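# Secondary and tertiary structure notes
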Amino acid sequence: MIIIYHDPGDKKQEDLFLKLIKENNIDATLVPVSKINELTPKSNEIIVSLIPFRGGHNESIKEIAYHYNAKYVKIPLDMIYENLKKFLNNKKCKDICFLYWNAKRFVDLQEEDLDKIRKRIEDELGLKTYSNCEECHDCFIALTLMKGKVSEKALNYYKNCNSSLVVEDLLSVIKQDLIEWIKDIRNAGGGV
C-alpha cells in the first residue's frame, strides 16, 4: 500500500502524521505528493490519495495508478463532510469560510467537490459558506489534511476578525475515521 499526502510545509506536522500511521500499525509506503513522479507501484498495489479534492494532483496519481495497473483510491468526500458536520453541529458558527489551495489543473473537478461539501453544510446545518474569502467571517476552516500555509492563513483571519472558530487542519477532525478507512482499504485489498 502506498499513501500519498500533500506536503504540509511543516516538518513537525509530517512527523506527527507519519507517527500516527505507524502507531496504528498501517504498513504503507508514505509519499508526499511532491515526489509522485518517483512512484513505481507494483501491479495491483493500492495507492491511497489523502488529497481531499479532485484536481491536478489526484488526476496525476490516478494516471500513475493506471499506468502501473495499480488500484487508486481517494479519501471520500463523505468522510470529510460527515466529520465536519459532526464537529460543527454544536458550534455556534454564523457562517464559514473554507480555505484551500486552488487547483492549477482540473479546477472544475476541485470546485465540484468543494461545492458538494458547501451545499451540504448549507442545506443540512443552515450555515452560509464561502470559498477562499478575503474578508471576515465567523468561522474559518482550512481544508488541508495537515497544518501548513493554508492553516496559517485561516488562523490569521480567525485572530484578526475576532471570529468564533478556526479549524487549522482536517486531520484534527477526521483522524479516527481516516485511520479506520485506511485499515478497511488495506483489509479489503483496495476493494472498499
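Coordinates for the structure precede this section.
The following paragraphs examine the structure supplied in this document. (Residues numbered from 1 in each chain as written. Predicted model: local features only at pLDDT ≥ 70, side-chain atom pairs only at ≥ 80, totals over all residues. Heavy atoms only, no water.)

## Section: the packing of aromatic side chains
Tallied over the full model, the rule gives 2 aromatic pairs. Aromatic side chains F140 and Y157 sit 5.2 Å apart centroid to centroid with 10° between the ring planes, which places their arrangement in the stacked category. With a gap of 17 residues between them, F140 in strand β7 (residues 139-142) and Y157 in helix α5 (residues 149-161) connect regions that are remote in the sequence. Like Y157, F140 is buried. Sitting over the ring of F87, K91 keeps its end group 4.4 Å from the ring centre. (Phe/Tyr/Trp six-rings, centres within 6.5 Å; stacked < 30°, edge-to-face > 60°. Helix = DSSP H or I, 4+ residues; strand = E, 2+ residues; numbered from the N terminus. Buried < 20%, exposed > 50% of the residue type's maximum accessible area, 1.4 Å probe, protein only. Lys NZ or Arg CZ within 6 Å of the ring centre and 35° of its normal.)

## Brief notes about the state of the cysteines
All told, the structure shown has 3 disulfides when counted by the stated rule. Here C93 is linked by a disulfide to C139, with a sulfur-sulfur distance of 2.0 Å. An S-S torsion of about -100° defines the bridge between C93 and C139 as left-handed. Here C93 is found in the loop between α3 (77-88) and β5 (95-99), whereas its partner C139 is found in strand β7, with 46 residues between them in sequence. For the pair C93 and C139, a shared accessibility class is recorded, and that class is buried. Linked covalently through their sulfurs, C136 and C161 form a disulfide whose S-S length is 2.1 Å. Here the disulfide of C136 and C161 is left-handed, its torsion about the S-S bond being about -80°. One end of the pair, C136, is in the loop between β6 (128-131) and β7; the other, C161, is in helix α5, and 25 residues separate them in sequence. The exposure class assigned to C136 is partly exposed, which follows from its relative accessible area of 49%. Taken N- to C-terminal, the disulfide-bonded cysteines of the protein chain are connected 1-5, 2-3, 4-6. (Disulfide = S-S within 2.5 Å.)

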